[in-house]
Amino acid sequence: MGRKKDSLNEVRVVNIRMVREPSLYSEDRITCPEDAVKAIAKDLATYDREVFAVLNLKTNGQPINLNICSMGTLDASVVSPREVFKSCILSNSAAFIAIHNHPSGSITPSQEDKDVTKRLLSCSELLGVKMLDHIIIGGESGRTYSFKNDGLLDQLRPARAVWER
């Protein structure tokens, strides 16, 4: 006797693939926040709403890809670590730089920006994908803010357990 398929208990097999999109940046290595800004700032500066993206990098700093993780409203964007690290893991990236824009032109990090950065840093430590920076692009003003350059990234980084040092 053949088994009757029960669609309620069926487990589907799926494949997950990344789809290559047209490049937004060069193949130059990213060695500092200014390199990252140069690579993609113009693209994010033109959005009329907040956009949160991740620039995934190889171990030598060469960009693998750029993934827009969240497209929000005029002054907010919901950022889920799940969406951020999905592209990091699928890209086999060693590190990433978080980048988002403030359409208002302000480059001052909000409390939400700090909270998201702290959460991503914690997840980064756990998953072994290094978070190198979080950069804010001030709309079309051309101004930028680097959490790393300002020392805020290190302040927000979680303290490591004694046995991990």
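Structure shown above.
Parameters at a glance
Residues numbered from 1 in each chain as written. Predicted model: local features only at pLDDT ≥ 70, side-chain atom pairs only at ≥ 80, totals over all residues. Heavy atoms only, no water. Pairing = 2+ DSSP bridges. Helix = DSSP H or I, 4+ residues; strand = E, 2+ residues; numbered from the N terminus. Axes fitted to C-alpha atoms, helices over the stretch in contact; angles between N-to-C directions. Contact = heavy atoms within 4.5 Å. Buried < 20%, exposed > 50% of the residue type's maximum accessible area, 1.4 Å probe, protein only. Arc of directions from axis to C-beta.

Student: So what exactly am I meant to see when it comes to the sheet that holds strand β4 (residues 130–137) here?
Tutor: Remark on secondary structure: sheet strands pair via backbone hydrogen bonds, oriented parallel or antiparallel. On the basis of which strands lie adjacent, the open sheet formed by five strands has the order β2-β1-β3-β4-β5 and mixed pairing. Strand pairing shows two members of the sheet lacking a second neighbour, β2 (63–71) and β5 (144–146), which therefore form its edges. Averaged over all pairs of adjacent strands, the angle between strand axes in this sheet comes to 20°, irrespective of strand direction. Direction of pairing for strand β1 (residues 51–57) relative to β2: antiparallel, over a ladder of seven bridges. Bridged to Leu-55 within β2 is Leu-66. Most of the contacts of helix α2 (residues 81–90) go to β1, to which it runs at about 25°, and overall it touches β1, β2 and β3 (95–101).

Student: Would you explain α2 in this entry?
Tutor: Turn by turn, an α-helix covers 3.6 residues, leaving residues three or four places apart pointing in a common direction. For α2, the full list of buried residues reads Pro-81, Val-84, Phe-85, Ser-87 and Cys-88. Each buried residue of α2 lies within a common arc of 155° when the element is viewed along its axis, so the set occupies one face. The exposed residues of α2 that point more than 90 degrees off its buried face are Arg-82 and Ile-89. Buried residues along α2 sit in contact with β1, β2, β3 and α3 (111–127). Just downstream of α2 lies Asn-92, where phi reads positive at about 55°.

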